[in-house]
Amino acid sequence: MTWANLGILGLGGILLTVPIILHFLMRPKPKDIVFPAMRFLQQRSQSTSSRMRMRHVLLLLMRCLLIGLLALALAGPSVASGDFANWLILGGIGTSGILVGAILLLAFFRKNKNWILIGILGALLVGHLAWGGWAATKILTSETAQLLGDDQAPVAALIVVDTSPRMDYKQENKSRLEAAKEAGDWLISQFPGESQVCVLPTNNDRPFFSVDVAAAKRRLETLEVDFSGATIPATLLDGLEMLGKAQQERKEIYLITDLTRESWADENPRALIKQLEKDPSISLFVFDVGVEFATNFGLTQVNLSDAEISQNGTLAISAEIQRQGGAAQRTVKMSIEKPEPPRPVVRDNKSLFPETVFDGQDITKDIRENSSVPLKFTFSQPLPRGIYHGKIEIEGQDALAIDDQRYFTIRVGGVKRTLVVHPENVNPRLMEALLAPRAKVEAGTSKYENETMLQEKFVDSQALNEYDAIFLLDPEPMGDEGWRKLENYVQAGGGLGVFLGHNAADGPLADSSFQTQSAQRILTGSLEQPWFTEESDLFLSPHEYSHPIFDLIRDKETDVPWNRYPVFTHWGIEPDENSEELPTQTLLRFGNREPAVIERNIGAGRVIVMTTPVTEYGYVEDRQSWNTLTSGSMIPAYYLLRGAIPFLVQRDVASLNIRVGQSASFENDPRDYPEIYQVFSPEAKKPPSILNADKKLLYRFTDYPGHYRLKGVVNEQVLLRGFSANLDQATTDLTRIELDRLDQFLGAERYQLARQKNEIQRQQGKTRRGQEFYPLLLMMMMVVMAVEYLMSNRFYKS
């Protein structure tokens, strides 16, 4: 137990002697009175004298207790254990109740009963019983306890600082991270001497205690916004494990955050709650440095018509500008860099990048309150072959500038060669139209040079490596030699699309040529039998749109009417997704959960298998149509094929534009590409790193948004490659978390929320000093005073 004013307790002990001294000094002295028949009153006198002495003693005790309680209250006692404090309070209530009960019994069994006094004492007793019952219920049902006691005892403190990009939001010319640093510095200054302090940002760093308070402050000062960090719950779990090993009896956690919802997203609250319950004595404080009504402009993800275009091709770029807050007007600019050899280079320990751009476009838009407006740009200038970096940028000031820019990278190359293979009874017109539209072929702007071939001639073809991608439409039975030829083609880096249909059947089952080991390596598994339904209730049923073949659907997933294009028949296949040699994944399923589109990587190439055809154009003679995907406006088939074609033809084009934190992967044939690259990060102050590449170029450290530039030398010529990384759109969502949701992570009564330093200071003081008994002692003092008054005025009249 600790005392706020221990000297007052000693003074109270001295004052306790005052009523005792007065009691003895003011005792009436006996007088000799001559009174006849004294012997008849002797017994009565003795009885009355005994009762009076008892009353005087009780009054003396009440007055001593009154002074003692006053001294205790002013001394400010508190205890070092939450549980002990609770039971001590309950004990105080019980003691006070017993005292009231005892006086009530004395008053009740008195011959001349005073019913007013008995009623008042009874009401006091009932109040004590209710108070004690409520306190006992709270103690027994509470799941938390507090470590209390000396406010100057050393603590083990964990300070979790939110370093997400949202903390770059500025208010009054100060970012939320700067406000968090100020709050953290002030907190560290408040800790008692010899405390251990861990400053833990949400950047996936390893938690550790700083060697001293000064080191903790230096670490806090170095914190910067992190673009690929962890959530607060994940960071807190790491910190709790370290905090549990600290030797200090008192442990405290401080979360300094803007309380935006995204900092807690995609996490299970149960894991954190379970960990916090392991040590309920840990004090938890949440310091809110966020802005309750934030305003912001932001750009959504950039959509490119193609990440790879021909030298005379046209690039279409689209995005949206979003507004959080009141209506406003903004200008958005699109630009593409001009190459400036020898840049990128390093001068004076700083990376220099190209500064000139091709003629861009500016669009000015009026945005309504809390809404968005679409943006569309086109670029059609002829470009030499190579890699080009561009960006879309909102002009003007904004409180959160990090989402005012979106970056993109395109590759300008030669025309890609494709081959469409089909049996004589299959019409390839849709695939031909998508690969090489007649108008673009005649204008010389087609991205693909397509050739169409009958399957019977394809079997004898030897020059498959001339093609960037091959599309096999509803193939007929084919010998092992043909399947092995296709596997070798994919192994060397080719792209293959296989669209299975009725030609693979032999009666009710699959033809045996589709069940050989060679065929299974291409088809991802053993072809079983067709699944058939007469009802129009089976559709393609996508659940996840992250794969590149869904690029055109991802932002309009609710606009694709899948249920208007039923599938009646599809092949049953069980893909081997556990093969380490041949990585395989199901990209799309039917409503019956059977695979519809499967991807397999073989060597440097890839295969896409679709288990129902894309060559059923409405009515089919002599048999029932397998699906209606290419009937009418054929929206689903159009979007799927438009996504699958560049994925197969352009191979590594998907890595040209990635999200922050993702890995970029490119082919790197040593005959055509360097084996060593300089990698220039978007951070100009960061020196370039060295990347060794063999047949595959893999770069993982995409922890900053912007353009990544790779520079190498092959055949004595400088070669530039690169890609762009953008923040996920949700990363800059400033929506604040609801307190009910926060309670799910931390416990409704487990943490204390503060927005000002004085709130933290007040809550800290209560937590560290312990459970104070001033209110209880004051209440008990009032009870004793009331009982003393009633006794002195009701036990005897004079």
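The present account deals with the structure reproduced in this document.

When helices and strands are counted, the chain shows 18 helices and 39 strands. Going through the 798 residues of the chain one by one, you find that 48% of them count as buried. Taking contacts inside the chain between residues at least 6 apart in sequence as the whole, the part at least 24 apart equals 76%. With the model as given, the accessible surface of the chain reaches about 40300 Å², and the carbon-plus-sulfur share is 51%.

A surface patch of nonpolar side chains, amounting to about 500 Å² of accessible area, comprises L105, F108, F109 and W115. With respect to the helices, strands and loops of the structure, L105 is situated in helix α4 (residues 82–108).

Our next topic: the sheet that holds strand β37 (residues 717–726). If you trace the five strands from one edge of the open sheet to the other, you get β31-β37-β36-β33-β34, paired in mixed fashion. Unpaired on one side and paired on the other, β31 (657–659) and β34 (689–692) mark the two borders of the sheet. Sheet twist, expressed as the mean angle between neighbouring strand axes with direction ignored, is 30°. The sheet contact formed by strand β33 (residues 676–680) and β34 spans four bridges and is antiparallel. The partner of I676 across the bridge, within β34, is N692.

The next subject is helix α13 (residues 480–491). The terminal C-alpha atoms of α13, which comprises 12 residues, lie 16 Å apart, in line with the 16 Å expected from a rise of 1.5 Å per residue. Within α13 the residues assigned to the buried category are G482, W483, K485, L486, E487, Y489 and V490. Where α13 is buried, its residues touch α12 (455–458), β22 (469–473), β23 (495–499), α14 (517–523), β29 (595–602) and β30 (605–610). Positive backbone phi, approximately 120°, marks G493, located one or two places after α13.

In this section: the sheet that holds strand β20 (residues 416–422). Here seven strands make up an open sheet; going across it, the order is β21-β20-β22-β23-β30-β29-β28 and the pairing mixed. Every other strand in the sheet has two partners, leaving β21 (448–454) and β28 (584–589) as the edge strands with one partner each. Each strand axis lies, on average, 15° off the axis of its neighbour in the sheet, ignoring direction.

Turning our attention to the side chain of R411. By the element assignment, R411 lies in strand β19 (residues 405–413). Taking relative accessible area as the criterion, R411 reaches 16% and is therefore assigned buried. Among the polar contacts listed, one links the side chain of R411 to the side chain of E308, at a separation of 3.3 Å. Discounting residues that sit within four places of it in the chain, R411 has contacts with A307, E308, I309, G386, I387, Q650, D652, V653 and L656.

Summed over the entire model, instances satisfying the criterion amount to 15 aromatic pairs. Ring plane angle 55° and centroid distance 6.3 Å describe the contact between F358 and Y388, whose orientation is recorded as tilted. Residue F358 is found in the loop between β15 (350–352) and β16 (361–367), and its partner Y388 is found in strand β18 (residues 386–394); the two are separated by 30 residues along the sequence. Summarising the burial analysis for this pair, F358 and Y388 share the class buried. Relative to F723, the ring of Y708 has its centre 5.1 Å away and its plane inclined at 5°; by these criteria the two rings are stacked.

The next thing to look at is the pairing of β29. Within a regular strand, the side chains alternate between the two sheet faces. Within β29, seven of the eight residues are buried, leaving the element largely enclosed by the surrounding structure. Sheet topology places β29 next to β30; six bridges connect them, and they run antiparallel. Opposite E599, over in β30, you have I608 as the bridge partner. Between β29 and the antiparallel strand that follows it, β30, lie two residues; G603 among them carries a positive phi value of about 60°.

Moving on, we come to the packing of helix α9 (residues 269–277) against helix α16 (residues 739–746). When two helices pack together, their arrangement is captured by the angle between the axes and the distance separating the axes. Direction vectors running N to C along α9 and α16 enclose 55°, while the axes themselves pass 6 Å from each other. Taken together, the axes of α9 and α16 lie oblique to each other. Contacts between α9 and α16 involve P269, L272, I273 and L276 from the first element and R741, D743, Q744, F745 and L746 from the second. Of the residues belonging to the contact of α9 with α16, the class tally is six nonpolar, one polar and two charged.

Okay, helix α7 (residues 213–221) next. Along α7, the residues that are buried comprise A215, A216, R219 and L220. Down the axis of α7, the buried side of the element spans an arc of 140°, and every buried residue falls inside it. In α7, the exposed positions that point more than 90 degrees away from the buried face belong to R218 and E221. Buried residues along α7 sit in contact with β3 (155–161), α6 (176–190) and β6 (196–201).

Here we come to unusual backbone geometry. The omega torsion across P341 and P342 is 5°, close enough to zero to call that bond cis. Among the secondary structure elements, P342 is positioned in the loop between β13 (328–336) and β14 (345–347). Here the bond from R343 into P344 is cis, since omega is 5°, no more than 30 degrees from zero. Position of P344 among the secondary structure elements: in the loop between β13 and β14. Positive phi, close to 65°, is recorded for N349, a residue that is not glycine. For N349, the position within the fold is in the loop between β14 and β15. N349 sits in the exposed class, given a relative accessible area of 71%. Phi at N715 is positive, roughly 55°, even though this residue is not glycine. On the secondary structure map, N715 appears in the loop between β36 (706–714) and β37. Relative accessible area serves as the criterion here: at 64%, N715 is assigned to the exposed category.

Cut-offs applied
Residues numbered from 1 in each chain as written. Predicted model: local features only at pLDDT ≥ 70, side-chain atom pairs only at ≥ 80, totals over all residues. Heavy atoms only, no water. Helix = DSSP H or I, 4+ residues; strand = E, 2+ residues; numbered from the N terminus. Buried < 20%, exposed > 50% of the residue type's maximum accessible area, 1.4 Å probe, protein only. Contact = heavy atoms within 4.5 Å. Areas by Shrake-Rupley, 256 points an atom, 1.4 Å probe, with all protein chains shown as cover. Patch = residues over 30% accessible without salt bridge, like charges linked within 9 Å, V, L, I, M, F, W, Y side chains within 5 Å. Salt bridge = Lys/Arg side-chain N within 4 Å of Asp/Glu carboxyl O. Pairing = 2+ DSSP bridges. Axes fitted to C-alpha atoms, helices over the stretch in contact; angles between N-to-C directions. Expected span 1.5 Å × (residues − 1). Polar contact = N/O pair within 3.5 Å; in protein donor to acceptor, adjacent residues only side chain to side chain. Phe/Tyr/Trp six-rings, centres within 6.5 Å; stacked < 30°, edge-to-face > 60°. Parallel < 35°, antiparallel > 145°, perpendicular 65-115°, else oblique. Nonpolar A, V, L, I, M, F, W, Y, C, P; charged D, E, K, R; others polar. Arc of directions from axis to C-beta.

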